[in-house]
Amino acid sequence: MISAREVVERAGIDVTILIDRLTSAATAELSAVYRYTILTVHPLGFADEGLHQILKDIRDEDRRHFDALVSRIHELDGRLPEDIRQFLEGGPARPEDSSADAEDPVTALVEEVRRAVHPYGGLCDLTVSRDQRTYLLARAIHNEKIEHVAWLEEFQGTGPPGRFHRGFRGRSPFLARLPAAPEGTEPPV
């Protein structure tokens, strides 16, 4: 049986580079989960319950993103470091101006979430027409990141209304539409 890695290599993608980019994205997602957990527990001046809920929903979706990225890395025969410190060292640097220190913390959060969209566009460009599974994953996460920006902009009053639908936010609707991983490719528990 041909492995997922071989299929992607035959399509002309350098799998080592792809795994590095997926790992970087997974590191950013895990860092975001941690950051939003801290912001929701210790809100750093965020008194609005609506913002707390948005941050919790973003955190929940980012955790799903992390899980999906790790699964794809495993499917491609990639491995993550067992030591979390080593894993996080290779991740993106935190923004220099923390939202806690910014004049308008919500604006800082919007900018931070906007920056989180870009790596997925690059993954889409790398895999389009050559690695459908990774392309669909990257596109799903890209779409959900754009939704995160929209939620925060609507809360802030700078975006169009109508994105705060209960029951939709926090459930990763784009990821949920993806087909299940092929048999025998789930990461070990």
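Residues numbered from 1 in each chain as written. Predicted model: local features only at pLDDT ≥ 70, side-chain atom pairs only at ≥ 80, totals over all residues. Heavy atoms only, no water.

Looking at an unreviewed UniProt entry, one finds the protein named Ferritin-like domain-containing protein and attributed to Nonomuraea helvata. Per its UniProt entry, the protein bears the Cofactor (unreviewed entry) comment "heme b". (UniProt positions renumbered as here; feature names shortened; annotations may be inferred.)

A. Summary view of unusual backbone geometry. Phi is positive for Asp-77, which is not a glycine, with a value near 65°. Looking at the secondary structure, you find Asp-77 in the loop between helix 3 (49-75) and helix 4 (84-89). A residue is classified by how much of its surface remains accessible, and Asp-77, at 42% relative accessible area, is partly exposed. The backbone phi angle of Ser-129 is positive, close to 65°, even though this residue is not glycine. (Helix = DSSP H or I, 4+ residues; strand = E, 2+ residues; numbered from the N terminus. Buried < 20%, exposed > 50% of the residue type's maximum accessible area, 1.4 Å probe, protein only.)

B. The side chain of Arg-72, seen in detail. Relative to the helices and strands, Arg-72 resides in helix 3. Using a relative accessible area of 5% as the deciding quantity, one classes Arg-72 as buried. Setting aside its immediate chain neighbours within four residues, Arg-72 contacts Ala-4, Val-8, Leu-22, Asp-131, Arg-133, Thr-134 and Leu-137. (Contact = heavy atoms within 4.5 Å.)

C. Just the packing of aromatic side chains, in detail. Per the counting criterion, the structure on display carries zero aromatic pairs. It is Arg-177 that lies over the ring of Phe-174; its NZ or CZ is 4.9 Å from the centre. (Phe/Tyr/Trp six-rings, centres within 6.5 Å; stacked < 30°, edge-to-face > 60°. Lys NZ or Arg CZ within 6 Å of the ring centre and 35° of its normal.)

D. Region of interest: the pattern of salt bridges. Taken as a whole, this structure holds twelve salt bridges when the rule is applied. A salt bridge links Asp-67 to Arg-63; the shortest N-O distance between them is 2.7 Å. Residue Asp-67 and its partner Arg-63 are both found in helix 3; the two are separated by four residues, about one turn of the helix. Overall, the relative accessible area of 39% leaves Arg-63 in the partly exposed class. Glu-75 is the salt-bridge partner of Arg-133, the closest N and O atoms lying 2.9 Å from each other. Taken as a pair, Arg-133 in helix 6 (residues 132-156) and Glu-75 in helix 3 lie far apart in primary sequence, 58 residues in all. For Glu-75, a relative accessible area of 6% corresponds to the buried category. One network of salt bridges, in which partners are shared, links Arg-72, Glu-75, Asp-131 and Arg-133. (Salt bridge = Lys/Arg side-chain N within 4 Å of Asp/Glu carboxyl O.)

E. How the structure looks around the packing of helix 2 (residues 15-41) against helix 5 (residues 105-127). It is the contact of helix 2 with helix 5, at a shortest axis distance of 11 Å, that shows an interaxial angle of 160°. Comparing the axis directions of helix 2 and helix 5 gives the class roughly antiparallel. Helix 5 is crossed by helix 2, and the crossing has left-handed handedness. Between helix 2 and helix 5, the residues in contact are Leu-18, Arg-21, Leu-22, Ala-25, Glu-29, Arg-35, Tyr-36 and Leu-39 and Leu-109, Glu-112, Val-113, Tyr-120, Gly-122, Leu-123, Leu-126 and Thr-127, respectively. Class assignment of the residues belonging to the contact of helix 2 with helix 5 gives a composition of ten nonpolar, two polar and four charged. (Axes fitted to C-alpha atoms, helices over the stretch in contact; angles between N-to-C directions. Parallel < 35°, antiparallel > 145°, perpendicular 65-115°, else oblique. Left-handed = near helix turned anticlockwise from the far one by under 90°. Nonpolar A, V, L, I, M, F, W, Y, C, P; charged D, E, K, R; others polar.)

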